[in-house]
Amino acid sequence: LREEALLRLGDVAALAGDYKKAIGEYERLLAEYQDSRFSREARKRRIQCYVNDGNCTRAVELAREWRAKQPGRQDPELAYYYGIALVGIGSYEEALKEFSSVQADGQVAGPELREAASVQVLGCQMMLGRNDEVLAGAVAFVKDYPQSREISLVLGRELGCSSEEL
């Protein structure tokens, strides 16, 4: 299947850090096979590549387009990368909504994605000056994810303290 090959070529380029090439492969797949069973993944991965390449404005545009074409369809991974792109353009309030939806999704989002979203929720709250929410959220994060590698980040960056101080 040519469309699967294009998806895999994009994946290989993305893994190598060549996001522009990956975007090109995903866009070629989408141009040639709009309704392919791989088009949904290609759209999502293209957004991820734009985020990883630093073009958050384009990632936001594409995520909004996708949402407009598929209203009511939830995809926690898309919501997470949409949130990352929104942070990249300084839209912390809107990003907070996206990360909160992933954080609360116990059915589709995996535990790693919910954990990552929880860290991003704290970052958005901090950028919005919601210090009481950051403190409560950091305490909850340590309780919810006691083995997380992100604890030092959460405590150090968000609160400026260590786990012993909580």
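Fair warning: this is a prediction, and the values are worked out from it, not measured in the lab.

Conventions and cut-offs
- In this numbering scheme, every chain counts its residues from 1 along its sequence in written order.
- For this predicted model, a pLDDT threshold of at least 70 governs which residues receive local features, and a threshold of 80 or more governs which side-chain atom pairs are given and counted, while totals over whole chains, interfaces and linings are taken from all residues.
- Side-chain figures throughout are based on the complete set of non-hydrogen atoms in the structure, without hydrogens or water.
- Here a pair means two rings of Phe, Tyr or Trp (six-membered ring of Trp) with centres within 6.5 Å. Their orientation is stacked below 30 degrees between planes, edge-to-face above 60, and tilted elsewhere.
- To sort residues, take the accessible area from a 1.4 Å probe on protein chains only and compare it with the maximum for the residue type: under 20% means buried, over 50% means exposed, and anything in between is partly exposed.
- To sit over a ring, a charge needs its Lys NZ or Arg CZ within 6 Å of the ring centre and within 35 degrees of the ring normal.
- The helix count covers DSSP runs of H or I at least four residues long, the strand count covers runs of E at least two residues long, and both are numbered beginning at the N terminus.
- Any two residues whose heavy atoms approach within 4.5 Å are treated as being in contact.

Undergrad: Explanation requested: the packing of aromatic side chains in the structure shown.
TA: For any pair of aromatic rings, geometry is given as the distance between the ring centres together with the angle between the planes. One pass over the full model with this rule turns up 3 aromatic pairs. Look at Phe-141 and Tyr-145: their rings are 5.0 Å apart centre to centre, the planes differ by 40°, and that puts the pair in the tilted class. The exposure classification of Phe-141 matches that of Tyr-145, with both residues buried. Aromatic rings pair up to connect Tyr-80, Tyr-81 and Phe-99 into one cluster. Across from the ring centre of Tyr-50, 6.0 Å away, lies the NZ or CZ of Arg-58, which sits over that ring.

Undergrad: What is the right way to look at the side chain of Gln-125 in this model?
TA: Relative to the assigned elements, Gln-125 resides in helix α7 (residues 111-127). A relative accessible area of 10% means that Gln-125 is categorised as buried. Those residues in contact with Gln-125 that lie beyond four places of it in its chain are Leu-96, Arg-130, Glu-133 and Val-134.

Honestly, it's all geometry; don't read function into it.
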